[in-house]
Amino acid sequence: MITQETLGKTLISHGVSRRGFIKFCSTLTSMLALHPSMAIQVAKSLEKIQRPSVIWLHFQECTGCSESLTRSHAPTIESLIFDYISLDYHETLLAAAGDAAEKALHDAMHAHKGKYLLVVEGSIPLANPGFSTVGGKSNLDVLQHVAKDAAAIIAVGSCASFGGLPNADPNPTGAVSVSDIIKDKPIINISGCPPIPVVITGVLAHYLTFNVLPELDELGRPKTFYADTIHDRCYRRPFYDKGLFAESFDDEGAKKGWCLYRLGCKGPTTHNACATVKWNDQTSWPVEAGHGCLGCSEPRFWDGGGFYKALSIPGSDVKKMAGYAVAAGLAAGAVGGMANRSKKVDAVKKHETISVEDWEE
Amino acid sequence: MAPAKDNVIPIKRIDSHPSQDNINIRSILIEIQAGLDNLSESGSRHIIDLGAIPLAGYEREKLFELLGQGEVHIHMSLLGTSEIYETLFSGVWVVKHRDELEEFSSMFIEICHIPDIVLSQPDDIVTANSKLQGLINNI
Ligand code: SF4
Ligand code: SF4
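Just so it is clear, the model here is predicted, and its values are computed rather than measured. (Residues numbered from 1 in each chain as written. Chains lettered and ligands numbered in written order. Predicted model: local features only at pLDDT ≥ 70, side-chain atom pairs only at ≥ 80, totals over all residues. Heavy atoms only, no water.)

Draft legend 1. View of the packing of helix 1 (residues 23-42) of chain B against helix 2 (residues 57-67) of chain B. All names here are of chain B. The geometry of helix 1 relative to helix 2 is characterised by a closest axis approach of 10 Å and an angle of 45° between their N-to-C directions. Considering their axes alone, helix 1 and helix 2 lie oblique with respect to each other. Here helix 1 runs over helix 2; the crossing is right-handed. The residues of helix 2 that touch helix 1, namely those facing N24, I25, I28, L29 and I32, are E59, K62, L63, L66 and L67. Across the contact of helix 1 with helix 2, the residue classes break down as seven nonpolar, one polar and two charged. (Axes fitted to C-alpha atoms, helices over the stretch in contact; angles between N-to-C directions. Helix = DSSP H or I, 4+ residues; strand = E, 2+ residues; numbered from the N terminus. Parallel < 35°, antiparallel > 145°, perpendicular 65-115°, else oblique. Left-handed = near helix turned anticlockwise from the far one by under 90°. Contact = heavy atoms within 4.5 Å. Nonpolar A, V, L, I, M, F, W, Y, C, P; charged D, E, K, R; others polar.)

Draft legend 2. Just the sheet that holds strand 4 (residues 92-98) of chain B, in detail. All names here are of chain B. Overall, antiparallel pairing links the five strands, which are arranged 1-5-4-3-2 in an open sheet. Strand pairing shows two members of the sheet lacking a second neighbour, strand 1 (46-49) and strand 2 (73-77), which therefore form its edges. Between one strand axis and the next, the sheet turns through 15° on average, direction left out of account. The strands touched by helix 2 within the sheet are strand 3 (81-86), strand 4 and strand 5 (104-111), with strand 5 carrying the most contacts at an inclination of about 40°. (Pairing = 2+ DSSP bridges.)

Draft legend 3. Spatial organisation of the environment of S53(A). All names here are of chain A. With respect to the element layout, S53 can be found in strand 1 (residues 53-58). On the basis of relative accessible area, S53 is assigned to the buried category, the value being 4%. Each C-alpha atom of the pair S53 and G257 lies 45 Å from the other, and the pair is 204 residues apart in sequence. (Buried < 20%, exposed > 50% of the residue type's maximum accessible area, 1.4 Å probe, protein only.)

Draft legend 4. Structural view of the site of ligand 2. Taken together, T270(A), N272(A), C274(A), W279(A), P286(A), C293(A), L294(A), G295(A) and C296(A) make up the full set of residues adjacent to ligand 2. Of the residues belonging to the shell around ligand 2, the class tally is six nonpolar, three polar and no charged. (Near = heavy atom within 4 Å.)

Draft legend 5. Representation of the site of ligand 1 within the structure. Near ligand 1 you find 13 residues, and of these H231(A), C234(A), C259(A), L260(A) and C265(A) are the closest. Looking at the shell around ligand 1, its residues break down into nine nonpolar, two polar and two charged.

Draft legend 6. Structural view of unusual backbone geometry. Residue and element names in this part refer to chain A. The omega angle of the peptide bond from D169 to P170 is 10°, so this bond is cis rather than trans. For the bond running from C193 to P194, omega is 0°, close enough to zero to count as cis. Relative to the assigned elements, P194 resides in the loop between strand 9 (187-190) and helix 10 (197-210). Phi is positive for N171, close to 45°, though the residue is something other than glycine. Topologically, N171 is positioned in the loop between helix 8 (157-162) and strand 8 (175-176). At K278, a residue that is not glycine, the phi angle is positive and equals roughly 60°. By the secondary structure assignment, K278 is in the loop between helix 14 (274-277) and helix 15 (318-327).

Draft legend 7. Expanded view of the interface of chain A and chain B. The interface of chain A with chain B comprises 35 residues on the first partner and 45 residues on the second. Buried surface at the junction of chain A and chain B, summed over both partners, amounts to about 3,300 Å²; 58% is from carbon and sulfur atoms. When the area that chain A buries against chain B is broken down by residue, the three leading residues are R19(A), K23(A) and Y235(A), summing to 22%. On the surface where chain A and chain B come into contact, there are zero salt bridges. Between the two partners, chain A and chain B, sit 12 residue pairs in polar contact (both at pLDDT 80 or more). Residue assignment for the side of chain A that touches chain B shows that the elements contributing at least two residues are helix 2 (18-31), helix 12 (237-242) and helix 14 of chain A. Here the side of chain A that touches chain B gets nine residues from one element, more than from any other, and that element is helix 2 of chain A. When the residues that make up the side of chain A that touches chain B are grouped by side-chain class, the tally is 12 nonpolar, 12 polar and 11 charged. (Buried area = accessible area lost by both parts, 1.4 Å probe. Salt bridge = Lys/Arg side-chain N within 4 Å of Asp/Glu carboxyl O. Polar contact = N/O pair within 3.5 Å; in protein donor to acceptor, adjacent residues only side chain to side chain.)

Draft legend 8. View of the packing of aromatic side chains. Counting across every chain of the model gives nine aromatic pairs over all chains. Taking 5.8 Å as the distance between ring centres and 90° as the angle between the ring planes, the aromatic pair formed by Y240(A) and F245(A) counts as edge-to-face. With respect to class, Y240(A) is no different from F245(A); both count as buried. Each ring, one from F301(A) and one from W302(A), has its centre 4.8 Å from the other, and the planes form 40°; the classification is tilted. Residue classification places W302(A) among the partly exposed residues on the basis of a relative accessible area of 32%. Grouped by ring-pair contacts, the aromatic residues Y235(A), W285(A) and Y58(B) constitute a single cluster. Between the NZ or CZ atom of K96(B) and the centre of the ring of F64(B), over which it lies, the distance is 4.1 Å. (Phe/Tyr/Trp six-rings, centres within 6.5 Å; stacked < 30°, edge-to-face > 60°. Lys NZ or Arg CZ within 6 Å of the ring centre and 35° of its normal.)

Draft legend 9. Spatial organisation of the pairing of strand 1 of chain A. Within strand 1 of chain A, six of the six residues are buried, which leaves it mostly tucked inside the rest of the structure. Residues S53(A), I55(A) and L57(A) of strand 1 of chain A are buried on one face, and the alternating residues V54(A), W56(A) and H58(A), pointing to the opposite face, are buried as well.

Draft legend 10. Region of interest: the nonpolar core. Residues and elements named next belong to chain A. Grouped together as the largest cluster of nonpolar side chains are 50 residues, with contacts concentrated most on L28, L46, I154, I190, I196 and W285. Element by element, the count of residues in this core is highest for helix 10, at eight residues. Mapped onto the domain boundaries, this core takes at least three residues apiece from domain 1 (7-225) and domain 2 (230-303). Counting residues in each nonpolar core, the second largest holds 25 residues, with Y89, V146, A150 and V178 among its members. (Core = buried A, V, L, I, M, F, W, Y, C linked by side-chain atoms within 4.5 Å. Domains from an automatic or database assignment.)

Draft legend 11. Up close: a nonpolar patch on the surface. All names here are of chain B. Where nonpolar side chains cluster on the molecular surface, the patch consists of L132, L135 and I136 and spans about 300 Å² of accessible area. Position of L135 relative to the elements: it lies in helix 3 (residues 122-138). Classification of L135 as exposed rests on a relative accessible area of 54%. (Patch = residues over 30% accessible without salt bridge, like charges linked within 9 Å, V, L, I, M, F, W, Y side chains within 5 Å. Areas by Shrake-Rupley, 256 points an atom, 1.4 Å probe, with all protein chains shown as cover.)

Spelled out as structure tokens, the structure:
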């Protein structure tokens, strides 16, 4: 059913007071990483915005992204936003099946032509269309058909954004991302394996609030959530800066909460919001639980050379590392020396791991 | 120490997060102080969104502990509960919003005379007035 009710009116008609609405908007403003003083402006926008139609397609994936979203506890802000959109077609949540489901898709596309949001979960196999089909139609055909009249596309998860696990070497299905196929629509990539539920709803909320898609980085991800690296915002960063690293998962350093860099943490090269937004209703996040970041929101993270191998150090970090090494009491001349430089640069290019000893040589 | 029973997994508690010179907490306290300067000089309010700051859970708890609780404590029941209190530092308020499952949905430190959300809202006042009229009519 298509309703013309605005979000503000919907909440108020559900018995939520103006004060409650301000609470909702304060939380939403926080979720959108806007300055807290904007809560009142957000409230004003939301009072006017009407609910958008959303069509959600599943291709080669594990449905973990939908699970991430729907497993968030109701009635959180995520669920309020999720309830508010008009989710006209979602293959795994739809009660209808067969022809009735096909009709729901057709009706939504027809009624909201040019205006609906298309959410895609999963990668698209190009090696053989038969590798993944829905109702006898290949993922490629369905994507091209539904994308044609969409206002914009949201690629949810690392599979839809970058190919993800199906695209991992040797990529037997020829899996590609949405943006490898669709070139004439705005596409927003919400990467992560799975993405943080608040980030999915945050993007929907941004669209609801401002009626435009948020600003994107060079990989098509919303800057609000992906501008910083995990490392930029990690609470263990002061230990990294002092050169205090855990060397194994149960040594003194690990017990003292030191940096997990040498245990393979990919935080320095991973853009995501886990360090601030956290997981499970802000309970914790992987690094706080004692495990390094795997880099799940970056392209080809499965082929990154091993989750427990220390990251290759990007060439541009050489100066920084020298500074950190000084702070850590290492020999500065050795760290900054050029003798080993070509090996480091080579390793970076090939994305091989180099040891801390290589740096100290 | 008594040996662990066969069917019991021994739990060894460790202090996994000792001080890291309180760098993160210290920077927030400095921001609060700058907010207090502005509040007393120009009356302008400042809000710190704790959800946007990379603090570990234990650091957040330590921050609340250091700020303490002052004279005013407000409890609100709407879309879950909200706890609002002035800290030991006048003009520094903690605002914690929880959803209906008592999970934190957002947390702020507000440097102001009183957080906006506490004030009665004009539309709610209008509704209250007509409700009160109904009461007067029927009494
Ligand atoms: S634990 Fe990882 S993200 Fe955190 S400071 Fe260390 S390397 Fe960076
Ligand atoms: S910490 Fe890293 S691997 Fe873990 S969910 Fe966040 S981005 Fe993905």
